[in-house]
Amino acid sequence: MNDAVPSGLPHDPAADHWHAIPHEEVAGRLGVTSAGLTPEEAQARLATHGPNALPEPPGRSPLLRFLAQFNNALIYFLLAGAAAAFVLAHYVDAGVIVAVVLVNALVGFIQEGKAEQALRAIRNMIAPHATVMRASRRQSVHARDLVPGDLVLLEAGDRVPADTRLIRARGMLIDEAVLTGESVAAAKDEAPAAMEAALGDRHSMAFSGTTIAAGQGAGIVVSTGPHTQIGRIGRLIADVEPLATPLLRQVDAFARRFTWLALGGSAALFLFAVAVRGYGWSEALIAVVALAVGLVPEGLPAVITITLAIGVRRMARQHAVIRQLPAVETLGATSVICSDKTGTLTRNEMTARRLVVPATGDLAEIAVSGIGYDPAGALAWQAPDEGATRAPAEVAAHLLRCGLLCNDAHLHAENGVWRAEGDPMEGALVALALKAGLRPERERAAFARLDEIPFDAAYRFMASLNRDPEGGAVIFVKGAPEEVLKLAGLPGGGAWEQAIARAAAAGERVLGFAIKRLAQAPPRLSFAELGEGFDFLGLIGFIDPPRPEAVAAIAECRSAGIGVKMITGDHGVTAGAIARQLGLAENPVVVTGAQVDAVSDEDLVVMAARTSVFARTSPENKLRIVRALQSTGAVVAMTGDGVNDAPSLKQADVGIAMGHKGTEAAKQAADMVLLDDNFASIVAAVKEGRTVYDNIRKMIAWTLPTNGGEVLAVIGAILFGIAMPMSAAQILWINLATSATLGLALAFEPTEPGVMERPPRPARAGLLTRFMLWRVVLVSVLFTLVSFAVFFQSIWRGQELEMARTMVVNTLVVMEIFYLFNVRFLHMRSLSWRGALGTPAVLMALAAVVAGQLAFTYLPVMQAIFDTRPIALLDGVMIIGVGAALMVLLEIEKTLLRRFGVFSAADM
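Keep in mind that this is a model prediction, so the values were computed, not measured.

Each value, and the rule that gives it
- Residues numbered from 1 in each chain as written.
- Predicted model: local features only at pLDDT ≥ 70, side-chain atom pairs only at ≥ 80, totals over all residues.
- Heavy atoms only, no water.
- Helix = DSSP H or I, 4+ residues; strand = E, 2+ residues; numbered from the N terminus.
- Areas by Shrake-Rupley, 256 points an atom, 1.4 Å probe, with all protein chains shown as cover.
- Buried < 20%, exposed > 50% of the residue type's maximum accessible area, 1.4 Å probe, protein only.
- Core = buried A, V, L, I, M, F, W, Y, C linked by side-chain atoms within 4.5 Å.
- Contact = heavy atoms within 4.5 Å.
- Phe/Tyr/Trp six-rings, centres within 6.5 Å; stacked < 30°, edge-to-face > 60°.
- Lys NZ or Arg CZ within 6 Å of the ring centre and 35° of its normal.
- Patch = residues over 30% accessible without salt bridge, like charges linked within 9 Å, V, L, I, M, F, W, Y side chains within 5 Å.
- Salt bridge = Lys/Arg side-chain N within 4 Å of Asp/Glu carboxyl O.
- Pairing = 2+ DSSP bridges.
- Axes fitted to C-alpha atoms, helices over the stretch in contact; angles between N-to-C directions.
- Polar contact = N/O pair within 3.5 Å; in protein donor to acceptor, adjacent residues only side chain to side chain.
- Expected span 1.5 Å × (residues − 1).
- Arc of directions from axis to C-beta.

Draft legend 1. Structural detail: the overall build of the protein chain. What the protein chain contains, in helices and strands, is 34 helices and 25 strands. In the form shown here, the protein chain has an accessible surface area of approximately 36500 Å², with 61% of it arising from carbon and sulfur atoms.

So this is what it looks like as structure tokens:
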């Protein structure tokens with residue numbers, strides 16, 4: 001740094017190339033000396049640039065958020081119906097409709113606010129205090145008071161308070177997983193990085209919100225608050241527009257068409273009744289209200305909400321916590337899952353997978369079994385004839401000891417789970433030693449460490465000086481293979497280089513190891529002792545292994561027609577190798593973030609469709625990829641655990657965060673949180689999502705035809721000028737008695753067989769498929785014809801109008817019961833023991849409806865309210881027979897349609 005630099009260029013918040021500029025030039029631009037800023041200059045810059053904090057998002061008042069829940073065409077129609085019912089003294093009907101609307105609004109109001117919570121979580125990641133040099137004095141200041149040009153001091157364990165250009169780095173490793181997704185801490189040094197370097201390759205930068213894993217250093221603050229990388233992610237989250245889920249889009253579209261149809265039909269019927277049939281205005285209005293009472297599925301929004309809530313409870317048993325109710329159903333429509341790699345598809349635990357050791361005239365490879373930091377596992381020769389006379393652990397003894405002793409990590413078990421304290425790769429070396437039978441404490445006591453040279457990105461190795469129990473001392477070295485090979489005096493190329501290339505092609509990170517024996521230990525270990533005399537011990541390849549359950553889950557996704565794409569901040573070669581092991585593709589297409597940046601949004605759509613793996617991606621890349629996939633009509637689920645995943649989690653149709661390893665920002669931006677961080681739980685959640693959607697369709701397939709039968713009966717009576725087969729009060733009774741019992745029972749239906757063998761439904765598919773439209777028309781007509789048949793049969797027998805209406809009401813309720821058993825299975829036959837027995841919910845609903853109908857028909861107080869008459873036993877048996885005949889007829893229809901393929905799978 002310059003000792004005396006005049007006030008330099010003002011800080012440019014848009015600058016994104018600090019990593020590529022020599023730190024002396026950075027100091028000049030920002031007008032800072034080795035003494036740091038003066039308090040006066042720091043205060044002036046704070047006034048210019050603002051505090052080092054993310055801005056609070058503008059929020060809506062609770063009242064406006066609540067009122068927004070009523071902005072729906074079906075809600076408007078329901079409220080209009082409630083007003084009309086109130087004016088006509090139908091107070092019960094009006095009260096029920098208003099209660100349904102309020103429940104729906106309260107649920108939506110409680111579920112909102114996800115974006116504000118996500119931004120608040122990211123703001124909390126900024127370090128509360130920072131150590132700076134100001135006016136040649138070391139002092140601690142609040143992180144909010146940092147300004148561009150501040151000279152900050154960083155040590156192991158610190159959270160970086162602002163984006164910082166390093167001017168000194170000694171053995172510095174920074175955990176950048178929250179930004180890049182990489183499981184291995186990034187080595188840092190002060191040399192400029194390449195201008196085009198991806199975020200994870202900017203070795204001269206320390207980014208706000210990341211953590212110093214090892215070493216210490218100093219740097220110049222270049223970006224604060226919203227201009228940091230974390231600030232950019234916060235802006236991306238704020239800019240993401242909330243998406244309507246497929247179900248909400250379908251319900252809205254259905255509600256708009258339904259509202260216009262209902263208004264038009266009601267007006268036409270009113271005019272016809274007055275002008276053609278000579279009804280009085282009030283009499284015609286009562287008839288139209290009866291039509292509206294029968295037509296409006298007032299319980300449908302509440303029943304859909306309850307069905308989604310039941311799905312939430314079921315998914316919780318699968319370790320998936322739903323934060324947004326509609327996400328339950330959206331999961332069932334998911335056609336693409338974009339998954340982060342580290343910690344989601346992989347364990348986020350480095351594992352030593354391969355050892356390469358010298359052998360007679362060649363090299364030999366040793367395979368290592370086991371997963372993660374668990375010391376359970378063994379060493380075995382890769383080829384059966386390699387070193388067959390000696391055990392692998394015996395041949396690799398010096399290599400294993402070097403990896404254990406030139407190492408600062410420790411392993412410990414918590415509740416049966418092994419965890420590493422320290423660098424992940426060093427933790428993997430300790431686990432490897434345990435698998436080989438070495439005892440870390442015993443080895444460390446025998447080979448006591450005397451001194452060390454910590455790892456530094458400038459020379460890319462670590463060296464330790466240890467006492468040799470046989471006398472003298474020994475120097476162990478581990479680091480980048482090419483650097484350790486140089487220490488051992490081995491030329492480039494040859495067998496070792498080929499072994500390194502093979503390991504890299506398999507997606508492994510490779511370390512080289514060497515040893516030097518000394519007759520006497522020097523007072524301290526310096527670079528002078530690192531000259532000649534080293535023996536190269538071998539190579540160890542590491543990998544963050546795939547989760548075994550993720551492999552099976554991906555295979556099940558494929559059978560369900562769901563594509564899986566990996567989006568990661570890791571290197572392309574590593575990501576491609578993991579993708580092959582996971583079974584994403586035999587030869588996965590790998591695209592880097594730089595390639596994504598280079599293409600237009602239109603070209604990215606084609607690229608995203610054919611690509612299996614996106615590597616070295618930035619938050620902006622992830623956001624563009626998700627949007628590109630959505631532009632094709634795909635319903636996209638995005639999984640992730642880092643701050644860098646938060647914008648794309650919010651953009652996706654379903655954002656899925658990891659519960660254990662996920663950051664709070666990712667959880668708040670997501671629609672669903674996996675409590676066990678298990679990718680396989682997503683498949684279980686998708687299955688439940690498909691079940692929920694099936695149950696919603698069953699409710700609609702049951703509700704609309706039963707309401708339609710009532711409506712057609714009213715319309716028929718007006719068109720033909722005959723007496724109404726039911727009064728408005730009786731129509732209201734049917735709706736209240738059945739929708740709250742039989743309709744709700746369908747929400748508890750279990751999963752139908754083969755639900756995960758069907759392809760995802762199209763995102764733009766209507767709520768009513770061709771099959772369901774056919775069913776609505778067919779069942780409505782059948783209900784109407786049977787209603788009139790029973791009505792006229794009763795009149796023909798000389799029974800009074802009140803008795804005929806009582807017969808019609810009971811017939812409709814019995815037909816609704818039998819139709820419920822038919823509609824419980826849309827994709828298979830219902831006439832089976834499983835179909836006949838029903839679920840506990842169905843049986844309880846059936847008991848409630850039967851009890852209600854008995855009271856409606858025979859209880860004097862109900863007879864007075866609804867003007868009903870008691871039905872004879874023979875008439876009751878006839879009514880039940882009519883319901884059974886209807887079910888048989890519909891089962892024959894379902895079988896014929898399936899046998900002759902009248903409707904495709906997409907139309908069912």
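Draft legend 2. Main features of unusual backbone geometry. Backbone geometry places His319, a non-glycine residue, at a positive phi of 70 degrees. Locating His319 in the fold gives a position in the loop between helix 11 (300-316) and strand 8 (320-322). Not every positive phi belongs to a glycine, and Arg460 is a case in point at roughly 60 degrees. Along the chain, Arg460 turns up in the loop between strand 15 (449-453) and strand 16 (461-467). You can call Arg460 partly exposed: its relative accessible area is 32%.

Draft legend 3. Region of interest: the nonpolar core. Counting 108 residues, the largest nonpolar core has Leu331, Met566, Ile656, Met672, Phe679, Met726 and Tyr819 as its most contacted members. Examining the composition of this core, we find that 16 residues originate from one element, helix 27 (residues 679-720), more than from any other. The residues touching Met726, leaving out its near neighbours within four places in the chain, are Glu710, Ala713, Ile731, Ile734, Arg805, Val808, Val809 and Leu812. Among the nonpolar cores identified, the runner-up in size contains 37 residues, and Phe447, Phe476, Leu511 and Leu537 belong to it.

Draft legend 4. Structural context of the packing of aromatic side chains. Scanning the model with the defined rule gives eleven aromatic pairs in all. Residues Trp733 and Phe866 carry aromatic rings whose centres are separated by 5.5 Å and whose planes lie at 55 degrees to one another, so their mutual orientation is tilted. Residue Trp733 is found in helix 28 (residues 728-745), and its partner Phe866 is found in helix 33 (residues 860-866); the two are separated by 133 residues along the sequence. In this structure Phe866 comes out as buried when scored by relative accessible area, which is 14%. Look at Phe788 and Phe792: their rings are 6.0 Å apart centre to centre, the planes differ by 20 degrees, and that puts the pair in the stacked class. Here Phe788 and its partner Phe792 are both found in helix 29 (residues 770-796), four residues apart, which amounts to about one turn of the helix. The exposure class assigned to Phe788 is buried, which follows from its relative accessible area of 14%. For Phe792, a relative accessible area of 41% gives the class partly exposed. Joined through ring pairs, the aromatic side chains of Tyr459, Phe461 and Phe527 make up one cluster. The positively charged end of Arg761 is found above the aromatic ring belonging to Tyr693, 3.4 Å away from the centroid.

Draft legend 5. Layout of a nonpolar patch on the surface. A contiguous nonpolar patch, built from Leu831, Val888, Ile892, Leu896, Phe900 and Val902 and spanning about 560 Å² of accessible area, is present on the exposed surface. Of note, Val888 is situated in helix 34 (residues 873-899). You can call Val888 partly exposed: its relative accessible area is 41%.

Draft legend 6. Seen up close, the sheet that holds strand 11 (residues 362-368). One open sheet holds the eight strands; their spatial order is 12-11-10-19-18-17-16-15, and the pairing between them is antiparallel. The sheet is open, and its two borders are formed by strand 12 (379-381) and strand 15, each paired with just one other strand. Averaged over all pairs of adjacent strands, the angle between strand axes in this sheet comes to 25 degrees, irrespective of strand direction. Strand direction decides the pairing type here: strand 15 and strand 16, joined by four bridges, are antiparallel. Bridge pairing links Glu452 to Ser464 in strand 16. Sheet strands in contact with helix 15 (residues 397-405) are strand 10 (351-359), strand 12, strand 15, strand 16, strand 17 (473-479), strand 18 (509-518) and strand 19 (535-543), and its direction is about 70 degrees off that of strand 19. Helix-sheet contacts for helix 19 (residues 494-505) involve strand 10, strand 11, strand 18 and strand 19, and the interaxial angle to strand 10 is about 165 degrees.

Draft legend 7. Expanded view of the environment of Glu426. Within the fold, Glu426 resides in helix 16 (residues 424-435). Measuring from C-alpha to C-alpha, the distance between Glu426 and Leu404 comes to 7.9 Å, with 22 residues separating the pair along the chain. Reaching out from Glu426, the side chain makes a polar contact with the side chain of Lys478 at a distance of 2.7 Å.

Draft legend 8. Spatial organisation of the pattern of salt bridges. For the structure shown, the criterion picks out 35 salt bridges. A salt bridge links Arg449 to Asp408; the shortest N-O distance between them is 2.7 Å. You can see Arg449 sitting in strand 15 and its partner Asp408 sitting in the loop between helix 15 and strand 13 (410-414), a full 41 residues away along the chain. Across the salt bridge formed by Arg460 and Glu482, the nearest N and O atoms sit 2.6 Å from each other. Taken together, the residues Arg460 in the loop between strand 15 and strand 16 and Glu482 in helix 18 (residues 481-487) connect sequence positions 22 residues apart.

Draft legend 9. Representation of helix 29. In this model, helix 29 (27 residues) spans 39 Å end to end at C-alpha, consistent with the 39 Å of a helix rising 1.5 Å per residue. A positive phi of about 85 degrees marks Gly798, the residue just after helix 29.

Draft legend 10. How the structure looks around the environment of Phe791. Looking at the secondary structure, you find Phe791 in helix 29. Linking Phe791 and Val809, residues 18 residues apart in sequence, is a C-alpha distance of 9.7 Å. Beyond its immediate stretch of four places on either side in the chain, Phe791 contacts Ala723, Met724, Pro725, Leu801, Ala804, Arg805 and Val808.

Draft legend 11. Helix 19, seen in detail. Between the first and last C-alpha of helix 19 there are 17 Å, a value that for twelve residues agrees with the 16 Å anticipated at 1.5 Å per step. Three or more residues of helix 19 are buried, namely Trp496, Ala499, Ile500 and Ala503. For helix 19, the angular spread of buried residues about the axis comes to 100 degrees, placing them on one side. If you follow the buried residues of helix 19, they end up packed against strand 10, strand 11, helix 18, strand 18 and strand 19. Within two residues after helix 19, Gly507 carries a phi angle of roughly 80 degrees, on the positive side.

Draft legend 12. The sheet that holds strand 20 (residues 563-567), seen in detail. Read from one edge to the other, the open sheet built from eight strands follows the order 8-25-24-23-9-20-22-21, with strand pairing classed as mixed. Two strands lie at the open edges of the sheet, namely strand 8 and strand 21 (590-592), each paired on one side alone. The mean angle between the axes of side-by-side strands here comes to 20 degrees, regardless of whether they run parallel or antiparallel. Here three bridges tie strand 24 (residues 654-658) to strand 25 (residues 672-674), and the two strands are oriented parallel to one another. Bridge assignment links Ile656 to a residue of strand 25, and that residue is Met672.

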